[in-house]
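Structural overview
Here is how the chains run, residue by residue.
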Amino acid sequence: MSKLGHYHYNKKQFILLGEDRDLYNFLMDSGFNPFTVYRWLLLEKVPEDIKYQLKENKLSQRKAISEAFKRKQETSETISLSVKQMGLTLIRGM
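Throughout what follows, the structure given in this document is the object of discussion. Given the structure is predicted, the values throughout are model-derived calculations rather than measurements.

Moving on, we come to the pattern of salt bridges. This structure, assessed with the given rule, holds four salt bridges. The residue Asp20 makes a salt bridge to Lys3 at a minimum N-O spacing of 3.8 Å. With a gap of 17 residues between them, Asp20 in helix 2 (residues 19-29) and Lys3 in helix 1 (residues 2-9) connect regions that are remote in the sequence. Judged by relative accessible area, which is 30%, Asp20 ranks as partly exposed.

Right, let's talk about helix 3 (residues 34-43) for a bit. Taken residue by residue, helix 3 has Pro34, Val37, Tyr38 and Leu43 as its buried positions. Summarising the contacts, the buried residues of helix 3 are in contact with helix 1, helix 2, helix 4 (48-55) and helix 5 (61-73). Sitting at the head of helix 3, Asn33 places a side-chain oxygen 2.9 Å from the backbone nitrogen of Phe35.

Thresholds, definitions, all that
Residues numbered from 1 in each chain as written. Predicted model: local features only at pLDDT ≥ 70, side-chain atom pairs only at ≥ 80, totals over all residues. Heavy atoms only, no water. Salt bridge = Lys/Arg side-chain N within 4 Å of Asp/Glu carboxyl O. Helix = DSSP H or I, 4+ residues; strand = E, 2+ residues; numbered from the N terminus. Buried < 20%, exposed > 50% of the residue type's maximum accessible area, 1.4 Å probe, protein only. Contact = heavy atoms within 4.5 Å. Polar contact = N/O pair within 3.5 Å; in protein donor to acceptor, adjacent residues only side chain to side chain.

Here is the structure:
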């Protein structure tokens, strides 16, 4: 889907053949922008709390995808370090 979405705006740089071309033509005939469909599919992968913020209009689609990507890239080490820092902050605050 990524290839179709990017082809839609950069037709000089890509060539679509076979099933990709058929799917592109189907989307265009149905009145859908392939890049929009690609973004919808990306939004299906975001965590539930980000989906909730999207539904409440607290985040844009672009920011939601970006936030989900950042979370995916976090390693367990950075997560454990941030949990440790939050715990120490809570204890200091008591």
